Amino acid sequence: MKFTSALVLLLSISAPITDARRATNSLASIPRGGATKQSVAFHKDARVWGGDASSTAKEVRGGDGGGTSTMTSHLFNMVKAIVGVGVLSLPAGIAAFGDAPSASIPAAILIASIGSIAAYNFSLLGRLCAMTGATSYKSAWEETVGASTAWIPGSSCVIKTFFAVLAYSMVLGDTFSALFETFGFNVSREKALIGLTVTVLMPLCKLKDLSSLAPFSLVGIAGMLYTALAMAVRFFDGSYAEGGKLAADVAESLRPALGTKGASAVFSSNAFILICMLSTAYMAHFNAPKFYLELENNTIARWNTCVATSFSISILFFIGIAAMGFSTFGGASNGLILNNYSTKDSLMGFSRVAVAFALVPKEERTDAKLNNLTYIILASVTAVAMKITDLSFIMSFGGATLGNALIYVYPAIMFRSAVKNLGDDATAAQKLEVKLAMAFAALGIGMGAIGTKMALGKL
């Protein structure tokens, strides 16, 4: 068991490399077979809203009309893209404003609400590709707002991904340190990070094809599901409650701290920490164009069904893990909730391995320039991860700033410009939807401003 755990975790550490590549890919269009200048021209007959076309409108597809990914395969991949390590910090987000189990009730409502808005904007990005023929987040901006300012969303994607890679690195450092302790070795997270960077991460940067790791990523969702179930088992069996069989095996600062701040505590300004953490947790939007273009028979109706289903599943994951982790440890919930569990807890020990599966990449690498960029990002991330230990801060600050921009603000700006470009061909429904999108953008800006202040206040 220990040998298998170590092997699987060694494979998992290549995840940051993949995320660095994704950020770079977001700066360029995805090649489409047979695409021409005409195929990416602005489609002025694109009047589809929510999957229903008017009698004079067409159900427009981006690029050459869709990829080869089936609905089932697409749902699996989208859930895996959404449900990442960010979910493991959500219990700490609830602990930012409450310490009684009932605080998880309004938290669940927030998770579902923010998830629904994130799903809407994810769908909107795909529909923008249908309207304009865009093939990436950046090209969607170029086709709607203009090429001169396309560096804004492009740079945001790269910087936001830096935060995501940093979060992965922090999780890996904590996870390996805990596993070494399970094996009987006392290795600090700093030493674990340096060792992993030099002996494993750097060599992996030289690989041009990571497709051999694809089989391990297929069980990523199952790994997160196992984690949620394991946390539920530990909550209901009371192993970490006062006098529980494992309560004495964790540091005092990590033991359950249940108080009286329940559901009503959500009206505290500290709730914005959780809200902004959700902007990082749901962040997959710079890959929305790719997912739209790769969907087989990518009509708007099929796209919306795929987005609604994948986000609904992800919301359930988020609520389950957040509620179980917080209800077990209350105000003591760590920024990485797995840190609250004993290294002697075999059930949660395997959960650490299961989470690792969710981080394994499956995509191909590209050219030497990307390799050089990866080296720079890897070195920078390792250095920062050695200094910062609070995952919840990274999640909340990253979400409050670039996360909110990429999820709420930029899509609304692009959609407003797209509808404006349609001129008299724009429908009443599209003009009304612009107001909805801009309202979400204003909400994102407000949440970001308050969330940034709250996140920095934790330092």
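This one's a predicted model, so the numbers in the text were calculated from it and none came from an experiment.

Novice: Explain the packing of helix H7 (residues 151–182) against helix H16 (residues 391–422) here, please?
Specialist: Pairs of packed helices are described in terms of their axes, by the angle between the two and the distance that separates them. H16 packs onto H7 with a crossing angle of 155° between their chain directions and a minimal axis gap of 10 Å. When the axes of H7 and H16 are compared, the pair comes out roughly antiparallel. In this structure, H7 meets H16 at a crossing whose hand is left-handed. Between H7 and H16, the contacting residues are Ile152, Pro153, Ser156, Cys157, Ile159, Lys160, Phe163, Leu166, Ala167, Met170 and Val171 on the first element and Leu391, Ile394, Met395, Phe397, Gly398, Gly399, Leu402, Gly403, Leu406 and Tyr410 on the second. Split into classes, the residues belonging to the contact of H7 with H16 amount to 16 nonpolar, 4 polar and 1 charged.

Novice: Would you mind going over the pattern of salt bridges with me for this structure?
Specialist: Pairs can form between side chains of opposite charge once their charged atoms are near each other. Applying the stated criterion across every chain yields a total of 4 salt bridges. In this structure, Glu433 engages Arg127 in a salt bridge whose closest nitrogen and oxygen atoms are separated by 2.5 Å. Here Glu433, found in helix H17 (residues 428–457), pairs with Arg127, found in helix H5 (residues 104–132); they are 306 residues apart in sequence, far enough to count as distant. We classify Glu433 as buried; its relative accessible area is 1%. Judged by relative accessible area, Arg127 falls into the buried class, the value being 5%.

Novice: Sorry if this is basic, but what is going on with the packing of aromatic side chains here?
Specialist: We describe a pair of aromatic rings using the distance from one ring centre to the other and the angle between the two ring planes. Here the structure, examined in full by the defined rule, presents 16 aromatic pairs. Three or more aromatic residues joined by ring pairs make a cluster, and in this case those are Phe122, Tyr282, Phe291, Tyr292, Trp303, Phe311 and Phe318.

Novice: Looking at this structure, I do not really get the nonpolar core. What am I missing?
Specialist: Across soluble globular proteins, nonpolar side chains show a tendency to be buried alongside one another. Within the largest apolar cluster, 117 residues are counted, with the highest numbers of intra-cluster contacts made by Leu90, Phe97, Phe122, Tyr282 and Phe318. In terms of residues, this core owes the most to one element, H16, which gives 17 residues. Not counting residues within four places of it along the chain, the set of residues in contact with Leu90 comprises Ile111, Leu274, Met277, Leu278, Ala281, Phe318 and Ala322.

Novice: Help me understand the confidence of the model for the protein chain in this model?
Specialist: Detailed reading of the predicted coordinates is not advisable wherever pLDDT is low. Mean pLDDT over the protein chain stands at 79; residues scoring 70 or higher make up 77%. No element of the protein chain has a lower mean pLDDT than helix H1 (residues 2–12), at 39, and none a higher one than H5, at 95. Low pLDDT, under 50, characterises residues 1–59; the predicted model gives this stretch 142 contacts beyond four residues in sequence or across chains. Here residues 362–368 is modelled with pLDDT under 50, and outside its nearest four sequence neighbours on either side it reaches 25 contacts, counting other chains as well.

Novice: Would you mind showing me how to read unusual backbone geometry here?
Specialist: Both trends apply: most residues other than glycine have a negative phi, and most peptide bonds are in trans. Positioned with a positive phi, Asn297 is a non-glycine residue whose angle comes to about 50°. With respect to the helices and strands, Asn297 occurs in the loop between helix H12 (288–294) and helix H13 (300–329). Judged by its relative accessible area of 38%, Asn297 is partly exposed.

Novice: How do you make sense of H7 when you look at a structure like this?
Specialist: For an α-helix, 3.6 residues make a turn, and residues three or four places apart therefore share a direction. With 32 residues, H7 extends 46 Å from end C-alpha to end C-alpha; this agrees with the ideal 46 Å at 1.5 Å per step. Of the residues flanking the end of H7, it is Gly184, one or two places downstream, whose phi is positive at about 100°.

Novice: Just checking my understanding: could you explain helix H11 (residues 271–281) for this structure?
Specialist: Summarising burial for H11: 10 of the 11 residues are buried, a large majority. Listed in full, the buried residues belonging to H11 are Ala271, Ile273, Leu274, Ile275, Cys276, Met277, Leu278, Ser279, Thr280 and Ala281.

Procedures and definitions
- Residues numbered from 1 in each chain as written.
- Predicted model: local features only at pLDDT ≥ 70, side-chain atom pairs only at ≥ 80, totals over all residues.
- Heavy atoms only, no water.
- Axes fitted to C-alpha atoms, helices over the stretch in contact; angles between N-to-C directions.
- Helix = DSSP H or I, 4+ residues; strand = E, 2+ residues; numbered from the N terminus.
- Parallel < 35°, antiparallel > 145°, perpendicular 65-115°, else oblique.
- Left-handed = near helix turned anticlockwise from the far one by under 90°.
- Contact = heavy atoms within 4.5 Å.
- Nonpolar A, V, L, I, M, F, W, Y, C, P; charged D, E, K, R; others polar.
- Salt bridge = Lys/Arg side-chain N within 4 Å of Asp/Glu carboxyl O.
- Buried < 20%, exposed > 50% of the residue type's maximum accessible area, 1.4 Å probe, protein only.
- Phe/Tyr/Trp six-rings, centres within 6.5 Å; stacked < 30°, edge-to-face > 60°.
- Core = buried A, V, L, I, M, F, W, Y, C linked by side-chain atoms within 4.5 Å.
- pLDDT = per-residue confidence, 0-100.
- Expected span 1.5 Å × (residues − 1).

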